[in-house]
Amino acid sequence: RAEEAAASGYIVTVGIPPTAPHTGYGYIRRGAAILTEPPAGLPVYAVAQFLEKPDLATATRLLAAGDTLWNAGMFVFRTDVMLAEIDRQLPALGAALRDYARLRATDSQRAATHLAAQWPTVPAISIDHGVMEHAAAVATVPLDAGWSDVGSWDALEGILTADADANFVARGVVESHNAHGNIVYCDDIHSNTMPVSTAQAKFVALIGVDDLVVVDTGDTLLIGRKEQMQDVKSIVERLRAQGRTDLL
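None of these values were measured; they are calculated from a predicted model. (Residues numbered from 1 in each chain as written. Predicted model: local features only at pLDDT ≥ 70, side-chain atom pairs only at ≥ 80, totals over all residues. Heavy atoms only, no water.)

1. Side note on the packing of aromatic side chains
Defined as follows: Note on ring pairs: Phe, Tyr and Trp rings are taken, using the six-membered ring of Trp, and paired if centres are within 6.5 Å. Classes follow the plane angle, with under 30 degrees stacked, over 60 edge-to-face and the rest tilted. Lysine NZ or arginine CZ positioned within 6 Å of the ring centre and within 35 degrees of the ring normal marks a charge as sitting over the ring.
Inspection of every chain in the model, using the stated rule, returns one aromatic pair. Stacked on the ring of Tyr45, the Lys or Arg Arg30 has its end atom at 4.4 Å from the ring centre.

Structural data, given as structure tokens:
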């Protein structure tokens, strides 16, 4: 159905029917149904509005409204339609793409050199903000398929089995006392002198803390509350500004 809508000129985003008032996802407010007589009950809707990641109260209202979907960030479109939108909304990027395509057709080495030179100069903006929010024709197809956002730490709660204290341990050995609802991922202990085959699971003790994410990757330790883990992007931006890309 997404392909059918894209073939008729829409940029299609896949929407996930929400199951909880999640504050870590963007939302899509669907509009009127388009492409009538959907087969097998699969509708296609015009997109009325894209909504930023909400606070809990707003997310609760969006869930109750019944006309919103989670934005999964999966798009289906005709190349010419997307390029036309990029030309209209991001003309510098559009010009760079056209030059690259022209060079690529005759000289792949010059095209690679052009790409390397142009990439740092084009706007650093996501497709959501750069194109989708103001595109001329955007549609959404609901996808109810057990989707999970692999980029979110709290997604581990949906695939891991909780221990007796409702903690979710992806890696590591955890002992807890009066600690509940935490997510733990800790790399094994090993060193240059210890073969990987003999590496030991890291021991983690949790005392009196709830709903934390604890991630230890050896040279980096991340600790935060589950409902605020989307804010890790602010730390990432600071590290990039400091040139600490080795930690990313």
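2. What about the sheet that holds strand 10 (residues 212-216)?
One key point about sheets: their strands pair by backbone hydrogen bonds, in either a parallel or an antiparallel sense. In plain terms, the rule: Pairing between strands is defined by DSSP: at least two bridges between the two strands are required. A helix here means a DSSP run of H or I that spans at least four residues, while a strand means a run of E at least two residues long, and both kinds are numbered starting from the N terminus. Note on geometry: axes are C-alpha line fits, over the in-contact stretch for helices, and angles between N-to-C directions span 0 to 180 degrees.
Overall, mixed pairing links the four strands, which are arranged 6-8-10-11 in an open sheet. Each end of this open sheet is capped by a strand with a single partner; those strands are strand 6 (168-171) and strand 11 (221-225). Taken pair by pair, the neighbouring strands of this sheet meet at an average axis angle of 10 degrees, ignoring direction. Pairing between strand 6 and strand 8 (residues 183-186): three bridges, direction parallel. Looking at strand 8, one finds that Val169 is bridged to Val184.

3. Some words on the sheet that holds strand 3 (residues 44-51)
On the basis of which strands lie adjacent, the closed barrel formed by five strands has the order 1-4-2-3-5 and mixed pairing. This sheet shows a mean twist of 50 degrees between the axes of neighbouring strands, independent of strand direction. Relative to strand 4 (residues 68-76), strand 2 (residues 27-34) runs antiparallel, the two sharing three bridges. For Ile28, the partnering residue across the bridge sits in strand 4 and is Leu69.

4. Details of the nonpolar core
Rules: For the purposes of this section, nonpolar cores are sets of buried Ala, Val, Leu, Ile, Met, Phe, Trp, Tyr and Cys residues that join through side-chain atoms within 4.5 Å. Exposure is judged per residue with a 1.4 Å probe applied to protein chains only, and the accessible area is read against the type maximum: over 50% gives exposed, under 20% gives buried, and values in between give partly exposed. It only takes one pair of heavy atoms within 4.5 Å for two residues to be counted as in contact.
Within the largest apolar cluster, 13 residues are counted, with the highest numbers of intra-cluster contacts made by Ile11, Phe50, Val131 and Val138. Listing elements by their share of this core, those giving two or more residues are strand 3 and helix 3 (79-89). Sorting elements by how many residues they give to this core places helix 3 first, with three residues. Residues in contact with Phe50, not counting those within four places in the same chain, are Thr13, Tyr27, Ile28, Asn71, Met132, Glu133 and Val138.

5. Some points on the environment of Ala166
On the secondary structure map, Ala166 appears in the loop between strand 5 (138-142) and strand 6. Taking relative accessible area as the criterion, Ala166 reaches 35% and is therefore assigned partly exposed. Ala166 has contacts with His180, Gly181 and Asn182, leaving out every residue within four places of it along the chain.

6. Overview of the pattern of salt bridges
Here is the rule we go by: By convention in these notes, a salt bridge is any Lys or Arg side-chain nitrogen within 4 Å of a carboxyl oxygen on Asp or Glu.
All told, the structure shown has 13 salt bridges when counted by the stated rule. Asp67 is the partner of Arg29 in a salt bridge, and the nearest nitrogen-oxygen pair spans 3.5 Å. On the criterion of sequence distance, the pair formed by Arg29 in strand 2 and Asp67 in the loop between helix 2 (56-65) and strand 4 is long-range, its members being 38 residues apart. Given a relative accessible area of 24%, Arg29 falls into the partly exposed group. Put simply, Asp246 and Arg244 hold a salt bridge, and the shortest N to O gap is 3.0 Å. The network of salt bridges with shared partners includes Glu157, Asp211 and Lys226.

7. Some thoughts on the pairing of strand 9 (residues 203-207)
Of the two faces of strand 9, only the one carrying Val204 and Leu206 is buried; Phe203, Ala205 and Ile207 on the other face are not. Pairing of strand 7 (residues 173-177) with strand 9, which is carried by five bridges, proceeds in the parallel orientation. Bridge pairing links His177 to Ile207 in strand 9.

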